[in-house]
Amino acid sequence: MTDALSALEAMRAHDLPTHGGRTLAYVYDSGLAEADEVGRAAVAAFSSTNALDPTAFPSLLRMENELVGLACDLVDAPASTVGSVTSGGTESILLAVQAARDARPDVASPAMVLPATAHPAFHKAAHYFGVRPVLVPVRDDFRADVAATAAALDELGASAVLVAGSAPSYAHGVVDPVADLAALALERGVRCHVDACIGGWVLPYAARLGREVPPWTFDVEGVTSISLDLHKYAYTPKGASILLHRDAALRRPQLFASAAWPGYTMLNSTMQSTKSGGPLAAAWAVVRTIGDEGYLRLTQEVLDGVDRLLAGLSEIPALHVVAAPDSTLVTLSTDGTCDVFTIADEMAAAGWYVQPQLAFAGRAATLHLTLSAATAAHVEEFLAALGAAVDTAVAAGPVQVAPDLVDFVRAMDPATLTEEDFDGLLSAVGMGGDDGIALPERMADVNALLDVAAPALREALLKAFLDRLSRPVRAAAGT
Ligand SMILES: Cc1ncc(COP(=O)(O)O)c(C=O)c1O
């Protein structure tokens with residue numbers, strides 16, 4: 001191995017493991033060594049190809065059209081459906097919002113109606129494209145509130161360009177009432193996007209396995225676009241998602257061409273221009289290797305894993321499941337005798353990654369678990385580790401944030417904070433100081449403090465953190 005490759009391998013030692021089923025967020029592991037190997041080989045073989053020009057690399061166009069065709073079959077797409085492979089769920093959602101906005105040049109101040117549980121990719125789209133997000137609080141079961149969505153749409157009138165729902169939502173793992181949302185959209189001539197980024201390659205198989213799946217596909221009249229990620233439950237290497245539109249006219253505003261310069265005419269269906277064919281080829285190869293029967297089996301395995309997890313969780317009294325999962329995502333909360341942040345730290349110490357989700361809209365913090373097929377084989381081991389983590393967390397009691405600190409944080413207005421204030425705050429929570437910026441080994445205290453902060457302060461603080469984290473490493477010290 002070259003020095004560079006061994007150096008890369010050494011660096012990876014500090015990363016979360018991507019395989020083995022012990023990382024319950026960020027990664028999706030089929031547990032199939034052959035699929036992983038095929039994906040790696042395809043990325044390597046196509047990494048230098050450029051999907052900028054589909055006529056120059058017809059192999060990429062063919063792979064894209066075949067993958068889109070497969071996705072169409074999964075989501076009951078009519079013959080008119082068209083789609084594009086994008087770099088990920090966020091790009092698919094950005095493009096769905098951009099297309100919805102640009103289809104309505106007559107609307108001066110476009111807006112979209114979102115359940116409060118919609119993925120932040122919609123907020124990013126709002127930020128990038130100037131489409132105002134109108135957030136509708138969800139019902140007690142964490143699903144979109146149809147009556148409140150109707151009221152929001154009526155209030156917006158002609159400025160509404162999009163309604164969205166999730167299948168399922170990331171934070172709570174439940175499918176929104178897509179049929180009702182789509183009906184509202186249809187009545188008003190508004191587009192309806194279904195974010196199936198995380199469920200798109202699971203829910204169709206779950207339905208085939210006889211599980212109850214609420215309607216969310218193009219079978220639902222009024223659904224105009226669907227995003228579904230390859231790099232999640234199709235278990236392909238990172239960098240691949242699909243955005244489908246019910247027909248070509250709906251997609252047209254997504255397409256971009258520029259002949260406004262003396263060089264080649266730029267022509268794109270997605271946000272990137274030069275884009276590696278690696279993730280696309282890898283997705284094509286992995287999907288072909290796993291195959292329809294393979295996905296059915298993987299879905300069966302992961303859903304069985306979810307069932308065993310839910311059964312085992314009922315033996316840990318300090319924890320409860322926040323919402324009965326519609327898919328492969330499980331969200332937990334505590335009974336107040338302990339906190340989720342300490343549990344997450346204890347699990348990390350035992351070699352498991354579970355993801356804390358901060359309190360939001362008056363609801364307490366939760367723990368998020370994304371199960372993949374590879375985790376399903378280790379559910380009993382996971383439950384044992386979780387039980388021990390909870391025991392330790394109960395013995396320690398919930399993390400306390402000093403009441404005066406809570407008051408101080410709650411009174412803080414992020415808009416008025418200076419860089420020096422951020423430096424002070426970051427070092428106060430152990431995320432910065434004279435030795436530079438870093439995360440402390442245990443995150444419970446930091447998370448507990450962020451938990452009491454308003455979302456706007458969390459965002460400001462974390463952006464300040466990222467700004468400091470993301471600094472060049474110069475070859476010569478002192479330059
Ligand atoms: C429901 C949902 N939508 C969108 C996204 C964004 O996908 P990506 O991280 O690939 O951009 C995610 C990611 O977890 C998701 O769960």
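In the block above lies the structure referred to throughout.
Residues numbered from 1 in each chain as written. Predicted model: local features only at pLDDT ≥ 70, side-chain atom pairs only at ≥ 80, totals over all residues. Heavy atoms only, no water.

A. Region of interest: the side chain of R191. Assignment of secondary structure puts R191 in strand 5 (residues 191–195). A distance of 2.9 Å separates a polar side-chain atom of R191 from the backbone oxygen of L250. Setting aside chain neighbours within four positions, we find R191 in contact with A99, A100, A103, V161, L162, V163, A185, T224, H245, A249, L250 and P253. (Helix = DSSP H or I, 4+ residues; strand = E, 2+ residues; numbered from the N terminus. Polar contact = N/O pair within 3.5 Å; in protein donor to acceptor, adjacent residues only side chain to side chain. Contact = heavy atoms within 4.5 Å.)

B. Layout of empty space enclosed by the protein. A complete count under the given rule lists two cavities of 30 Å³ or more for this structure. Size it by volume and the largest cavity reaches roughly 80 Å³. Around the largest cavity, the lining residues are V409, L425, V429, M431, V446, L449, L450, A453, L457 and L461. Secondary structure elements with two or more residues in the lining of the largest cavity: helix 16 (444–452) and helix 17 (455–469). For the lining of the largest cavity, the leading source of residues is helix 16, giving three residues. (1 Å grid on protein atoms, 1.4 Å probe; cavity = no way out; pocket = protein on both sides within 12 Å on 5 of 7 lines; lining within 4 Å. Points joined across faces, edges and corners; volume = space filled by probe spheres on them.)

C. Main features of the sheet that holds strand 10 (residues 319–321). On the basis of which strands lie adjacent, the open sheet formed by four strands has the order 10-11-13-12 and antiparallel pairing. Here the strands that pair on one side only, and so sit at the sheet edges, are strand 10 and strand 12 (355–357). Ignoring which end each strand starts from, the neighbouring axes of this sheet average 35° apart. Sheet strands in contact with helix 10 (residues 278–313) are strand 10, strand 11 (329–334) and strand 13 (366–370), and its direction is about 10° off that of strand 11. (Pairing = 2+ DSSP bridges. Axes fitted to C-alpha atoms, helices over the stretch in contact; angles between N-to-C directions.)

D. Summary view of the nonpolar core. Counting 122 residues, the largest nonpolar core has W201, W216, I242, Y295, I343 and L386 as its most contacted members. Take this core: its biggest share by element is 16 residues, from helix 10. Once you skip the residues sitting within four places of it in the chain, W201 turns out to touch A71, L74, L228, D229, L230, Y233, A234, I242, V287, Y295 and T299. L94, A100, A121 and V161 belong to the second-largest nonpolar core, a separate cluster that totals 18 residues. (Core = buried A, V, L, I, M, F, W, Y, C linked by side-chain atoms within 4.5 Å. Buried < 20%, exposed > 50% of the residue type's maximum accessible area, 1.4 Å probe, protein only.)

E. Spotlight on helix 6 (residues 146–156). All buried positions along helix 6 are accounted for by V146, T149, A150, A152, L153 and L156. Down the axis of helix 6, the smallest arc covering the buried residues is 165°, so these residues share one side. Projecting away from the buried face of helix 6 at angles above 90 degrees are the exposed residues A147 and E155. Each element contacted by the buried residues of helix 6 is listed here: strand 2 (111–115), strand 3 (132–136), strand 4 (160–166) and helix 7 (178–188). Between a side-chain oxygen at the N-terminus of helix 6 and the backbone nitrogen of A147 the separation is 3.2 Å; the capping residue is D145. (Arc of directions from axis to C-beta.)

F. The packing of helix 10 against helix 13 (residues 379–396), seen in detail. Following both chains from N to C, one finds helix 10 and helix 13 inclined at 30°, their axes separated by 10 Å at the closest point. Compared by their axis directions, helix 10 and helix 13 come out roughly parallel. In this structure, helix 10 crosses over helix 13, and the sense of that crossing is right-handed. Counted together, G305, R308, L309, G312 and L313 of helix 10 and V379, E380, F382, L383 and L386 of helix 13 form the full contact between these two elements. Per-class residue counts for the contact of helix 10 with helix 13 are six nonpolar, two polar and two charged. (Parallel < 35°, antiparallel > 145°, perpendicular 65-115°, else oblique. Left-handed = near helix turned anticlockwise from the far one by under 90°. Nonpolar A, V, L, I, M, F, W, Y, C, P; charged D, E, K, R; others polar.)

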